[in-house]
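What follows is the residue order along each chain.
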Number of protein chains: 2
Amino acid sequence: MPELNPPETAWNRAFEAVADSLLPDLQRWHRTPQQIVSFTQATESSFFGVKLSPASHAISDLPSLPWGKGADFILDFGVHMVGRLSFQLSGVGRHMDAPCRLRLTFGESPLDVTMGMDGVDTWISTAWLPDEILNIDELPQTVSLPRRHAFRFLRVQVIDTSPEYKVAFSDVFCECISAIGQDHTLDAVDFGNPLLQDIDHVGISTLRDCMQTVFEDGPRRDRRLWSGDLRLQALANYSTLREFNLVKRCIFQFAAVVRTDGSLPACVFEKPQFAPSKDYIIDYDELFSAIVDDYVAASGDLETGHTLWPTVLHCVKRGLSSLNPTTHVFELERTQAFKFIDWAKDLDKTAASHGLLLYCLKKVNHLATRLGQDAPYTDMVDKMTAAASTFLQNGVFISGPNSQISYASAAWLVLAEAFPPTIAREALLATIRHPAAVKPLTPYLWHYVCDALMTVGCYEECLDLIKSYWGGMVQAGADTFWECYDADDAKASPYGDARNNSFCHAWSCTPSYFLRGKLFDGLKGRVTGKITMGELDHRWVKRSALS
Amino acid sequence: MPELNPPETAWNRAFEAVADSLLPDLQRWHRTPQQIVSFTQATESSFFGVKLSPASHAISDLPSLPWGKGADFILDFGVHMVGRLSFQLSGVGRHMDAPCRLRLTFGESPLDVTMGMDGVDTWISTAWLPDEILNIDELPQTVSLPRRHAFRFLRVQVIDTSPEYKVAFSDVFCECISAIGQDHTLDAVDFGNPLLQDIDHVGISTLRDCMQTVFEDGPRRDRRLWSGDLRLQALANYSTLREFNLVKRCIFQFAAVVRTDGSLPACVFEKPQFAPSKDYIIDYDELFSAIVDDYVAASGDLETGHTLWPTVLHCVKRGLSSLNPTTHVFELERTQAFKFIDWAKDLDKTAASHGLLLYCLKKVNHLATRLGQDAPYTDMVDKMTAAASTFLQNGVFISGPNSQISYASAAWLVLAEAFPPTIAREALLATIRHPAAVKPLTPYLWHYVCDALMTVGCYEECLDLIKSYWGGMVQAGADTFWECYDADDAKASPYGDARNNSFCHAWSCTPSYFLRGKLFDGLKGRVTGKITMGELDHRWVKRSALS
């Protein structure tokens, strides 16, 4: 949400230079389609209402299959990818006496390749829709699309050739792109549970596909760096791929575009040149403290902690100015700044904002201690902790004039450790049990709910949530985790139409952070050695080819 | 029309090498849009039912105009062009936070840029339709379309940007392409009549835009060399641009792909490599004799005449085998080969085919004499001339079992000079007066009607026909002459939908051949000197900017 009169950017070109020096060498590899498939109406229960079946032709027959006007088929690459499509297109028949017009639709989900892309009713740009119209004058030709796409399925529609010729496709491949190459290794973990194994895998794939020259929020949409998403990606990364330099690059990018009042934008652009977005989110600003503290803890890079200390110290200032100076309670109306917390409808964000700020002040203090400095906010932490009692009523957390009960309030007040653990746990569980509690809409907030559960020792509840929420996506066929997931509605979308949803979205990648982290000891899992991303992908492709 | 079992190609690689050596250096120049225009419902009589008006913005304002979702405007370049579009696209607003999707429609006629390109019902390939969808990820960017287009109008539709930004267009230009550059000179002629002046100009523009690496039939569709079209282009060329080498190249291309029975294909392809089309048209085959005879006469290049003599001798063989061996009358059913003559519906082609073959035999004889050889077909010419009397009944030419009267029959029997001039003239004029006579559908046949009128000394009738037919297109707003023209129906099409018509079509370029040739002395015109194509274009653009 852009601000009306944002402060000027106080460019820190030294930080920008650090970020530039950490530009990753993008890794590239080829992936070819595994099957020609079709989606038919599902007879059994199926999240998307469709069943994936191999088409009547084997993929090895593709080069010999001629397709004419009206032809429509789907190639399944077996795994979600980010990259550029290439194929050899040949004429079959007498002569190419007219151009060939193709429509290619890059499918992250079955919806993309079964619903078509006409009549999409969405309030964000329809230019995000993943279809391309190609007009080709000469055959044979190697067709290499200049744009990067994110997809597993490729729907090919031959709009027209001519009565004289058809076209054949061969050498179809995607040049996959990520900061993480196929030979990148990580711990191979046996969770002793197929669903958890899959959840871990899908989370890692999600993370990998979002790791480009920055941590993108989603490689299909918006393809750029948001600080709130970065925090979750970085946490998942520390537990899996452990690519610290990309995190450091992104942290310095935000620090480079600090504004004159010390606040940080919610998002930065890399193109056409590095620049801050006008988007500002007060909770994302505050969370910069957590991002740096997490990074220093995970990497041991104290130098970066020292360098960024002034930036961290200031990123909570806007939050602090939103506190009532007498009661030290966060008050929404004290700032015009957008508070995100979650996309849940009609969510009252007062209690969550209070909890989130308190959580971040503790992160600042924690970092200060780690850096051998005095914690600057001990007094304020005490005041806000005391003030938090206003949000606890009858054993449950409430927020706003209507005493709204929500997962958001509960998660952030628990994470802020504003109450003794027993009280916090009971209030959190009471919220979850409460029939009127406002639930999270995004995996982003579901992550913080999981984290809150872990904070108060609710391991089983956290594991059950991961199994039902992220496991639900896996059982619905996810190769990567989604921007939003409503178990009751495959076509749910915050944007009016699910065809504009992102089905590989960074802020849903965190199950591995829990499974390989705080949950690990309680699970019957074990590290079995090392595995490369290429091997992980290969297993997934092989399995999907059998499904 | 492809043949079922065409003879093999008897490649003459020496002829192909001659053709290759004559590949023209394509000339290139830039042309910029002159106006932002809109088409409104015409209040006065208008062929297309629309009126071209300048839009509320001057073209000089274009770089500063921001266009967002749903924007739709038309740029008028003032003259028909063949070339590649380029423009600079910039973002206007906060930040480009989503791709930009544009639809560009290249308009030869107002129909193209006012009707839209959806729901076109045509039996030829819809891949010919002149629209492109572009998805652009980064701004600012120079957008250079790789495909060649033929157009005067460019309709720009902004399908979407995002609420955060709009786009601006600057440095819009077309890199125009033709074998004929802007500094190519020709005779400047003052016809003392504005309509004739325009007709001459539009014909020359048509010819120039079709002159690429070969004489294309139409630079929008089919973009390739057909022998029937070549004949008319070559004739117009001799009277205007006089680029003999391009004619020679095309003649050798056909001769290079002679078939084992001596026949020639109707069309050749240059891409992906030089090759004959499978299309065969018996009348086009025969007309190769006229093409070579015309060329030798116009250029004085006797050497080419000698080299191609065997090819010319054979190109009439299939026609000859279609004659009844006793009566020497052409019989349609003796060959499966497609006879074109014209696209007029239900046309009986017997008489026209007889006349056309006789005309071509005389061309062979004429070439033989010019080359100092014995005329091979004097005896057959006599026999066919005598046989032609079967087509004359009650002072009018008839054809087929239903004694059909048509312009086609009359034109070709007159051109064949099968009857004494007075009889031929009266029969031709009687045909034209006859209410049931089947009229030509294409400018191609209208050309031969004009030529027939000149053959029998009907100068005024020929001039009137040029003024009404080709002048009708000029008055309807043509910058180049069209593939087909029905004065009563702007949406008439041989292909089901006028949006798949070609509005710059070689076979309609011949008025200059008459105006600067056989009609010239009778007109009050005079050659005033030399003029370049660039000057001619400039005059036209300047005038269209005022209209």
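These numbers were taken from a predicted model, which means no experiment stands behind them.

**Focus on the overall build of chain A**
Right, on to step 1. Scanning chain A from terminus to terminus reveals 16 helices and 16 strands.
Right, on to step 2. Taken against the 2.2 N^0.38 rule, which gives 24 Å for 547 residues, the C-alpha radius of gyration of chain A at 25 Å falls within 12% of a compact globule.
Right, on to step 3. For chain A, the C-alpha atoms occupy an extent of roughly 85 × 50 × 50 Å along the three principal directions.
Right, on to step 4. When the 547 residues of chain A are sorted by exposure, 64% land in the buried category.
Right, on to step 5. Within chain A, residue pairs in contact and separated by at least 24 positions form 78% of the contacts whose partners lie at least 6 positions apart.
Right, on to step 6. Entry remark: accessible area of chain A is about 20100 Å², with carbon and sulfur atoms responsible for 50%.
Right, on to step 7. Here chain A contributes 50 positive and 66 negative side-chain charges, whose respective centroids are spaced 1 Å apart.

**Things to note about the interface of chain B and chain A**
Right, on to step 1. With 40 residues of chain B at the contact, the number on the chain A side is 40 residues.
Right, on to step 2. For the chain B and chain A pair, buried surface summed over both sides reaches about 3100 Å², with 51% attributable to carbon and sulfur atoms.
Right, on to step 3. Our count for the chain B to chain A interface comes out at 7 salt bridges.
Right, on to step 4. Of the charged contacts, one joins Asp 97 of chain A and Arg 224 of chain B as a salt bridge, the two residues approaching to 4.0 Å between their closest N and O atoms.
Right, on to step 5. For the side of chain B that touches chain A, the elements supplying multiple residues, two or more each, are strand 5 (100-107), strand 6 (131-136), strand 8 (149-160) and strand 13 (275-276) of chain B.
Right, on to step 6. At 4 residues, the largest contribution of residues to the side of chain B that touches chain A is made by strand 6 of chain B.

**Let's talk about the UniProt feature "domain: Alpha-L-rhamnosidase six-hairpin glycosidase" (unreviewed entry) in chain A**
Right, on to step 1. According to UniProt, the feature "domain: Alpha-L-rhamnosidase six-hairpin glycosidase" (unreviewed entry) maps to residues 193-515 of chain A in the numbering used here.
Right, on to step 2. For residues 193-515 of chain A, the helix share is 52%, the strand share is 3%, and the end-to-end C-alpha distance is 12 Å.

**Here we look at the pattern of salt bridges**
Right, on to step 1. Under the criterion given, the structure shown has 73 salt bridges over all chains.
Right, on to step 2. Residue Asp 187 of chain A pairs with Lys 530 of chain A through a salt bridge whose shortest N-O separation is 2.9 Å. Placement of Asp 187 of chain A in strand 10 (residues 185-190) and of Lys 530 of chain A in strand 16 (residues 526-532) is noted, with a sequence separation of 343 residues between them.
Right, on to step 3. In this structure Asp 187 of chain A comes out as partly exposed when scored by relative accessible area, which is 29%.
Right, on to step 4. It is possible to trace a salt-bridge network through shared partners that takes in Asp 97 of chain A together with Arg 221, Asp 222, Arg 224 and Glu 483 of chain B.

Rules of the game
Residues numbered from 1 in each chain as written. Chains lettered and ligands numbered in written order. Predicted model: local features only at pLDDT ≥ 70, side-chain atom pairs only at ≥ 80, totals over all residues. Heavy atoms only, no water. Helix = DSSP H or I, 4+ residues; strand = E, 2+ residues; numbered from the N terminus. Rg over C-alpha atoms; globule rule 2.2 N^0.38 Å. Buried < 20%, exposed > 50% of the residue type's maximum accessible area, 1.4 Å probe, protein only. Contact = heavy atoms within 4.5 Å. Areas by Shrake-Rupley, 256 points an atom, 1.4 Å probe, with all protein chains shown as cover. Lys, Arg positive; Asp, Glu negative; His and termini not counted. Charge placed at Lys NZ, Arg CZ, Asp CG, Glu CD. Buried area = accessible area lost by both parts, 1.4 Å probe. Salt bridge = Lys/Arg side-chain N within 4 Å of Asp/Glu carboxyl O. UniProt positions renumbered as here; feature names shortened; annotations may be inferred.

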